[in-house]
Amino acid sequence: MNQKEFIQMLDTHTELKKDLFIRGFLISDDQNIDTSTFPFYGNWNEIKKGNFRFLSHPLTGMHVYEEENGNVFFLAGHAYDPFTMEIEEEIILKDLSTRYGSEAFFEKLSEITGVYVLGVMHDGTIEYYVDPSGMQSACFGKINNAFYLSSHAQLIGDICALEMDAFVKELRAYKWYSRVMGPYLPADLTPFQEVKRVVPSIQYIYDGQVKHKRYWPLKEQEMAISPKEYQKVIEEGAKILHNNMALVAKKWAKPAISLTGGIDSNTTFAAGNGNYDHFETFSYVSAEKEVPDAKAAQTIASHFGLAHHEYQIPSNSQDIPLFEERRELFRHNNGYIAELYDNEMRKKLFLRDHLDIDVEVKSWVSETIRGYWYKHYNRKSFPKLSGKLFRNLYKIFIFNRSLAHKIDKLFDKYIQEFEYDKIPSCYPAADMHYNEVTWGSWGGLNITEMKYCFDITFIYNNRKFLDLMFRVPLEKRISDQHHLDLKKVLNKELYDMNIRVVNMKETNFRAFCLNVIFTINSILPF
């Protein structure tokens, strides 16, 4: 469907216009943007500060704090602080403003949890950051002498009439593109050559040109080897998670935990201990493999007296109103780089239509400190940092060595530009790839789609928490011992129930096969 046909579809089904780039934002000095027509349709809010326009979808939190000296601190999305127990973004921004220009600013930034893009506008420049794992999808570009910072690359593409990059088209056409964590783009690519993804833990400054530098992680951490040190790390981490759940309960009127029998979801539920009267839980069944998780969720919720809702996702797409039209909306919102299978599409549309909550508490970010790639490939170590390593963690290119070579060169440049060589050894390259590439690109894209249903938050998305967990020895992270110990501190009763449903895909044989492929992909010449 081309743009003209897409606009005609929206004109036919006008109720879909409000969902175009839902929960999105755009910050730009382009004064010629007409917000009354496509793609805004007069639905978006606007705040003007200096030369910049802060545009936001009605469901997007756009928070601004202005100092007397004219400096403007802004946050698109949501944030809360488990160290001061603050939930108001404007107060968090005011606190940050008092530390601006010093190392204390970055220390404070690392204490904030949430899903956001945060920035400062001063003296004609704009400085910006994304949350610790890039759960808020964000991208930027300077096009025709105007600057754009947005939640959606396609929004910039629509405004500037951009064409999809030829290399992205080539990558999308590769038969293995949708394998390994699903379809997403490598490095900091977006569908458009003129637009780049905002990478987590990077400070960006626009003063006519965009410059950037890494600010985390740059300090070596002492590993928690002794039982006493390890227990202290677990207790401090558990306190952050518990405080964050208390803040979620206070910040939203209808928060819900998407509960399964998995260890991540279990630990999130455990962190809500003491605040269970503020939460509901839910699970869904869209395939037979999800039944054990749903049963485990019901058992846990019932034991602790929480209301639990189990949703049976229809198996027939025709049972979902405007199924194909809404799928086309998703395609446009994600920039046509990720196709949703019928099952996944039905799930999102059904939950949007039937689940009445403000925010879903998810646990994805915890996968970073669980050594995901080590478990995925059943490895205890990885080759040294290189473009080839990042390429192999991104996709499989055994049968297309020309494309593999292009991806290697792309990641070599990415690693150099984003200063991965400065990252201390206690933050393994594979984990940094997972946090900043897999989560930042694939995760941010998926969460953007999930926010079609309701807002999403992650109590693990906190840089101080990540710092603590990277002090845990790798073998404990791979075995999930630290996660079990967190759960034990947070809710001993839940821990003693010993409920854990293992993903049926996570078999030793599958990991062995994947490791063979990874090894072959690593040693094959061009």
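Attention now moves to the overall build of the chain. What the chain contains, in helices and strands, is 19 helices and 17 strands. Compactness check: the chain gives a C-alpha radius of gyration of 22 Å against a globular reference of 24 Å for 526 residues, within 12% of the reference. Taking the principal axes of its C-alpha atoms as reference, the chain extends roughly 60 × 55 × 55 Å. Buried residues in the chain amount to 61% of all 526 residues.

For the pair helix α5 (residues 166-173) and helix α13 (residues 401-417), interaxial distance at closest approach is 12 Å and the crossing angle is 130°. By the angle between their directions, the pair α5 and α13 is classed as oblique. In the packing of α5 onto α13, the handedness of the crossing is left-handed. Judged by residue contacts, Phe-167, Glu-170 and Leu-171 of α5 engage Leu-403, Lys-406, Ile-407 and Leu-410 from α13. When its residues are assigned to classes, the contact of α5 with α13 shows five nonpolar, no polar and two charged.

Looking now at the nonpolar core. Most often, soluble globular proteins keep nonpolar side chains buried together rather than apart. Membership of the largest hydrophobic core comes to 179 residues, with the highest contact counts inside it found for Trp-373 and Tyr-414. Top contributing element to this core by residue count: helix α6 (residues 227-251), with ten residues. In contact with Tyr-414, not counting residues within four places along its chain, are Ala-187, Asp-188, Arg-197, Val-199, Phe-390, Tyr-420, Glu-436 and Val-437.

This part is about the sheet that holds strand β4 (residues 62-66). Strands sit in the order β4-β5-β6-β7-β11-β12 across an open sheet of six strands; the sheet is antiparallel. The sheet is open, and its two borders are formed by β4 and β12 (210-214), each paired with just one other strand. Neighbour-to-neighbour, the strand axes of the sheet open up by a mean angle of 20°, direction not taken into account. Here strand β11 (residues 202-206) runs beside β12; their pairing, made up of five bridges, is antiparallel. Directly across from Gln-203, in β12, lies its bridge partner Lys-213.

Time to look at the side chain of Asn-462. Mapped onto the fold, Asn-462 is located in the loop between β17 (455-458) and α15 (463-469). A residue is classified by how much of its surface remains accessible, and Asn-462, at 0% relative accessible area, is buried. Within the structure, the side chain of Asn-462 is placed 2.9 Å from the backbone nitrogen of Lys-464, a separation counted as a polar contact. Asn-462 has contacts with Pro-82, Phe-83, Ser-110, Glu-111, Ile-112, Thr-113, Pro-132 and Ile-240, leaving out every residue within four places of it along the chain.

Taking 1.5 Å per residue, 16 residues should reach 22 Å; helix α19 (residues 508-523) reaches 23 Å between its end C-alpha atoms and fits that length. Among the residues making up α19, those that are buried are Ala-511, Leu-514, Asn-515, Phe-518, Asn-521 and Ser-522. Buried residues in α19, looked at end-on, bunch into an arc of 125°, giving them a common side. Structural note: α19 exposes Phe-509, Phe-512 and Ile-523 on the side pointing more than 90 degrees away from its buried face. If you follow the buried residues of α19, they end up packed against α11 (372-376), α12 (387-394) and α13.

Structurally, Ala-511 can be placed in helix α19. For the pair formed by Ala-511 and Tyr-374, sequence separation is 137 residues and the distance between their alpha carbons is 9.5 Å. Setting aside residues no more than four positions away along its own chain, Ala-511 makes contact with Lys-375, His-376, Tyr-377 and Asn-378.

Attention shifts here to the sheet that holds strand β1 (residues 25-28). Pairing is antiparallel across the open sheet formed by six strands, whose spatial order is β2-β3-β1-β9-β8-β10. Of all strands in the sheet, those bounded by a partner on one side alone are β2 (45-49) and β10 (196-197). Note that β2 and strand β3 (residues 52-56) share five bridges and pair antiparallel. Across the sheet, Glu-46 pairs through a bridge with Leu-55, a residue of β3.

Below, the discussion takes up the side chain of Arg-471. You can see Arg-471 is positioned in the loop between α15 and α16 (474-479). Put simply, Arg-471 is tucked away with no salt bridge, and the nearest opposite charge, on Glu-229, sits 5.1 Å away. When near neighbours in sequence (up to four residues on either side) are disregarded, Arg-471 contacts Gln-221, Glu-222, Met-223, Ala-224 and Val-233.

Attention now moves to the packing of aromatic side chains. Counted under the stated rule, the structure contains 48 aromatic pairs. With a centroid separation of 5.6 Å and an interplanar angle of 85°, the aromatic rings of Phe-73 and Tyr-100 are classed as edge-to-face. With Phe-73 in strand β5 (residues 72-80) and Tyr-100 in the loop between α2 (89-97) and α3 (103-109), the pair connects residues that are 27 residues apart, well separated along the chain. By relative accessible area, Phe-73 is classed as buried at 0%.

The rules behind the values
- Residues numbered from 1 in each chain as written.
- Predicted model: local features only at pLDDT ≥ 70, side-chain atom pairs only at ≥ 80, totals over all residues.
- Heavy atoms only, no water.
- Helix = DSSP H or I, 4+ residues; strand = E, 2+ residues; numbered from the N terminus.
- Rg over C-alpha atoms; globule rule 2.2 N^0.38 Å.
- Buried < 20%, exposed > 50% of the residue type's maximum accessible area, 1.4 Å probe, protein only.
- Axes fitted to C-alpha atoms, helices over the stretch in contact; angles between N-to-C directions.
- Parallel < 35°, antiparallel > 145°, perpendicular 65-115°, else oblique.
- Left-handed = near helix turned anticlockwise from the far one by under 90°.
- Contact = heavy atoms within 4.5 Å.
- Nonpolar A, V, L, I, M, F, W, Y, C, P; charged D, E, K, R; others polar.
- Core = buried A, V, L, I, M, F, W, Y, C linked by side-chain atoms within 4.5 Å.
- Pairing = 2+ DSSP bridges.
- Polar contact = N/O pair within 3.5 Å; in protein donor to acceptor, adjacent residues only side chain to side chain.
- Expected span 1.5 Å × (residues − 1).
- Arc of directions from axis to C-beta.
- Lys, Arg positive; Asp, Glu negative; His and termini not counted.
- Salt bridge = Lys/Arg side-chain N within 4 Å of Asp/Glu carboxyl O.
- Phe/Tyr/Trp six-rings, centres within 6.5 Å; stacked < 30°, edge-to-face > 60°.

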